[in-house]
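An overview of the molecular structure
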Amino acid sequence: MHHISAAPGGEGAAGRFTAVGHGVTGALLAEIEPLVGYALPDGVPHRPADAELRSLPQAFTYAVLSDGSRLVGRTAPARGAGPAPVRFHTHAVHLPPGVPLPGDRLPVEAWRSPHWVSATPAGGTAPDPLGTLPPGPAPVREGLDDFAVSRGPWLATVLTDLRRASEEEVPADGPVVLVEKQSADVARWLGLAAVTLSRESVERLTFTTYTRRPGSSALRVVGALPEDAAAAREAGLRVHECADRPPVDGAPDAWARTAARVWRSRAAELFQEARELPGDPFAAGPLAVIALCAGVTLGPGERAAAAGWAAERPYALDAKRTGQLVEALTSPGIDDRTGSEFDAVGRLFGALDGRCPTSVTAPLAAMLVTEAVRGGNGSLELPRRDAFAGPDGEAIAGVLGPEILAELESGAGGARPVARTVQLLRVARLLGVNGTEVLPEVVDRLARTILTEADGSEGAPAFAPALLELLDEQFDVRTALLGALDRIAPEDPGAVARFLERVALPFTGTQALPHLRMCAEAPGAMTTLGRDRTAIWHRVLRAAGLSPFAEPLVLRTAAGLVWEDRAPTLEEARLLLDAATSDAHRAAGTWARLVDAALGAPADAEEATTLAHDLLRAFPQEIGGRQRAALQLLELCRDLRTGAPEPGWTEQVRTLRDRAAPLEPAVQERAFTALVERLLAPDRPGAELYAFVRSDDAELIAAYDRAARSEPTRARLRTHPAYAADCFTHWTAHPHAGTAWTTTAAALLDEVLRPAVRGMTAEAVAEVEETVGRTGSSGRANAFRDWNRSRALGRLGRRIAERVRRG
């Protein structure tokens, strides 16, 4: 069919079809006409010269119509006559559904066809159906390599969008807009797509090489001039200004990046080879494999895609291509490899190992172990040991062996991550490097680092799988590491137990490992026995398989597991003390926990004084300083209540209190209470009370005041006249003592003793008076009568005053 568009500026005029072949209905013509309309670019003169006319853009269009038929056509400016110096002639071909172009050509291959004409046939006769469509694919591709190289910065991003535009579902965000100064360059972009994409995708890629209204086009790809780019961008379309500055953001699509590199390498024939390989036609792997085999330089992401694809389908490549791929991946000139690329190469090695000759896989193995040593990639899947047999293995071992040993011996090992040490030890074994001399020190450092890293993680630490593989591979390392952890366990059994709960180390062999066995037993015992720490203690000790008498350090490990950083109770401390001899506790260092139990006991726990007595005799050389003074204070409490302490009680308590500073509050309370209760006893020596009063120790006197006001003392004062007389004598005997005592004594006389005397019978009061006089003097008895009478007269005066007020 042929169509003439309206002349520029001809308002009210319309285009018209000047010749239409058979089978094209009026409804189809109405749908086709908007597709072939033409609008002149800005700035074109009313009567352009011939050169200006030839330079105007041509609209080469391919569209799918509503009935499934297709349209291929070219609209070009042509010289008009009369008042219309420029007209726009369209020559189009209508393809009914299911009918291909001659020779089964793609629509873009008709771009340069000489069949396109710029005038309607004479007489307006209907053109015959196409029988041939020269010149064929080769001339269409002619010059595309040069064009692709000139558009190198835009290739990946444009190809990404063209592939997206060719999907089965029409993109919802409108057409892709290709901005070029020449419409022919838009056609070349479509030619690149025709070569790069699969046939099905290309046939879905409707397009026009020129339009002034990209936002209103229903086609998938449209070409535009630079003057219309801003309007297209404002319409929210994907715009590629290929005549402007190169894009700054790289295409994230690995397939598009690979395709761009293929075009820049002028190797377009590789696209068809890649389509012959299995897999997704737009996966980067097949195209990257073919490109690498052809010597095309690719980036790390594309190389990783190639290695990953080949690892999943090692049967898809013949021996020649497999060798070419391995050679490309292991090229010594590559210096930008990434962790994901090495991981993919590791999977490829695993897929090829045993399937291909060692001569093919050896370079991959050497590359992997070199990266493991020099690159520090701890996630690599290492080759099997037999991959390094023969001269190739000896060569790589000669290069890497000294480096491995030097790093293992380095002083920075304490800060070396577990995964790194494990990797070095595994590679050393693969290469047959002899590290016997450095192994003990390396394993000791490794054991401590394992616990440090594991304590900072939740769940199994990341290095656990590699560590277990190492222990499974190397018996000497396993033996040494388990022994090192067993030696460390008494220092921090809690950390070892937490680690063993997350990582099941293989220590079921013949090694004794008592501490490790205890640490492994503890979590289960705590789960089963709950808070019964005594039962947990016995169960953990049994797990050691050794008696504390034979191996005292099991006491320390068991205590650390059961009590961690807490002090045992007094009952638990007695159990721990009786579990072994003092020598065993001395060797294990567990005597310190017993001291903590005694000093941390509540003030009313009687067993604390007995435990303190036993500890001072069992560990006389170990306990010193503040703790010794505190235990001696507890021991003095025991003597004050049950025995005959040495004279000078008050001074002893004060001296030990000062030596034990800062003293535990419960110990001080117990000591003060024991002292003042003994001083309040009827049979206490007067010299001790005198020394107490003269000390003027505010804390001690306050404790005495509290004890004197307690109910047992008040009850004794009410029921024992002799005791009341004794208290009166001593509470009035030191009028010139310090302020603390005189104030306290006056308050006790008035607030404690007077209520007790007031509640006595007359006979009991008389007995108190008689006892005061007998044990003191007549003057003391008179003082008691005056003291007692002054209170009585005070009561009588208050009663008289009350009666006066009522009257």
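A brief structural summary.

Rules of the game
- Residues numbered from 1 in each chain as written.
- Predicted model: local features only at pLDDT ≥ 70, side-chain atom pairs only at ≥ 80, totals over all residues.
- Heavy atoms only, no water.
- Helix = DSSP H or I, 4+ residues; strand = E, 2+ residues; numbered from the N terminus.
- Rg over C-alpha atoms; globule rule 2.2 N^0.38 Å.
- Buried < 20%, exposed > 50% of the residue type's maximum accessible area, 1.4 Å probe, protein only.
- Contact = heavy atoms within 4.5 Å.
- Areas by Shrake-Rupley, 256 points an atom, 1.4 Å probe, with all protein chains shown as cover.
- Lys, Arg positive; Asp, Glu negative; His and termini not counted.
- Charge placed at Lys NZ, Arg CZ, Asp CG, Glu CD.
- Pairing = 2+ DSSP bridges.
- Polar contact = N/O pair within 3.5 Å; in protein donor to acceptor, adjacent residues only side chain to side chain.
- Phe/Tyr/Trp six-rings, centres within 6.5 Å; stacked < 30°, edge-to-face > 60°.
- Disulfide = S-S within 2.5 Å.
- Salt bridge = Lys/Arg side-chain N within 4 Å of Asp/Glu carboxyl O.
- Axes fitted to C-alpha atoms, helices over the stretch in contact; angles between N-to-C directions.
- Parallel < 35°, antiparallel > 145°, perpendicular 65-115°, else oblique.
- Left-handed = near helix turned anticlockwise from the far one by under 90°.
- Nonpolar A, V, L, I, M, F, W, Y, C, P; charged D, E, K, R; others polar.

Before going further, it helps to examine the overall build of the chain. Helix and strand counts for the chain come out as 38 helices and 9 strands. Taken over the C-alpha trace, the chain has a radius of gyration of 51 Å; the compact-globule value for 807 residues is 28 Å, which it surpasses by more than 25%. With respect to the principal axes defined by its C-alpha atoms, the chain has extents near 165 × 95 × 40 Å. A burial count over the chain gives 48% of its 807 residues as buried. Within the chain, contacts between residues separated by at least 24 positions form 69% of all contacts whose residues are at least 6 apart in sequence. With an accessible surface of roughly 37000 Å², the chain has 52% of that area assigned to carbon and sulfur atoms. Across the chain, the mean location of the 88 positive side-chain charges is 6 Å away from that of the 103 negative side-chain charges.

Further remarks concern the pairing of strand E5 (residues 86-95). Most of E5 is tucked away: 9 of the 10 residues are buried. Strand direction decides the pairing type here: strand E1 (residues 2-4) and E5, joined by 3 bridges, are antiparallel. Residue pairing in the sheet places His3 in a bridge with Thr90 of E5. Bridge count between strand E4 (residues 70-79) and E5: 10 bridges; the pairing is antiparallel. For Arg70, the partnering residue across the bridge sits in E5 and is Leu95.

Take the sheet that holds strand E6 (residues 176-179) next. In spatial order, the strands read E2-E1-E5-E4-E3-E7-E8-E6-E9; together these 9 strands make up an open sheet with mixed pairing. Both outer strands of the open sheet, strand E2 (16-19) and strand E9 (238-241), are each paired with one neighbouring strand and no more. Examined bridge by bridge, E6 and strand E8 (residues 221-224) share 4 bridges and lie parallel to one another. For Val179, the partnering residue across the bridge sits in E8 and is Ala224.

Relative to the assigned elements, Trp649 resides in helix H30 (residues 649-659). In this structure, the C-alpha to C-alpha distance between Trp649 and Leu700, residues 51 residues apart in sequence, is 12 Å. Those residues in contact with Trp649, other than ones at most four positions away along the chain, are Leu636, Leu640, Leu675, Arg678, Leu679, Pro685 and Glu688. At 3.3 Å, the side chain of Trp649 forms a polar contact with the backbone oxygen of Glu646.

What follows covers the pairing of E8. Residues of E8 alternate between two faces, with Val221 and Gly223 on one and Val222 and Ala224 on the opposite face, all of them buried. Pairing analysis gives 2 bridges linking strand E7 (residues 207-208) to E8, with the strands arranged parallel. Bridge pairing links Thr208 to Val222 in E8.

This part is about the packing of aromatic side chains. If you walk through the whole model with that rule in mind, you get 17 aromatic pairs. When the ring of Tyr38 is compared with that of Phe88, the centres are 4.6 Å apart and the planes differ by 25°; the resulting orientation is stacked. Here Tyr38, found in the loop between helix H1 (26-32) and helix H2 (50-55), pairs with Phe88, found in strand E5; they are 50 residues apart in sequence, far enough to count as distant. Of the two residues, Tyr38 and Phe88, both sit in the buried class. Taking 5.2 Å as the distance between ring centres and 40° as the angle between the ring planes, the aromatic pair formed by Tyr38 and Tyr210 counts as tilted. Within this pair, whereas Tyr38 is found in the loop between H1 and H2, its partner Tyr210 is found in the loop between E7 and E8, the two being separated by 172 residues in sequence. Neither residue differs from the other here; Tyr38 and Tyr210 are each classed as buried. One aromatic cluster is present, built from ring pairs that chain together Phe60, Tyr62, Trp116 and Phe207.

A few words on the state of the cysteines. As enumerated under the stated definition, the model contains 0 disulfides in all. Left unpaired, Cys356 is separated from the closest cysteine sulfur, that of Cys293, by 12 Å.

As a further point, take the pattern of salt bridges. Scanning the entire structure with this criterion turns up 56 salt bridges. Glu770 is the salt-bridge partner of Arg774, the closest N and O atoms lying 2.5 Å from each other. Taken as a pair, Arg774 and Glu770 lie in helix H37 (residues 762-775) at a separation of 4 residues, close to a single helical turn. Members of the salt-bridge network, linked through shared partners, are Glu651, Arg654, Arg657, Asp658, Asp697 and Glu699.

It is at 10 Å that the axes of helix H22 (residues 514-529) and helix H24 (residues 553-563) come closest, and there the two elements cross at 25°. In terms of orientation, H22 lies roughly parallel with respect to H24. When you trace H22 past H24, the crossing you get is right-handed. Of the residues in H24, those touching H22 at Pro514, His515, Met518, Cys519, Ala522 and Met526 are Leu553, Val554, Thr557, Ala558, Leu561 and Val562. Along the lines of polarity and charge, the residues of the contact of H22 with H24 split into 10 nonpolar, 2 polar and no charged.

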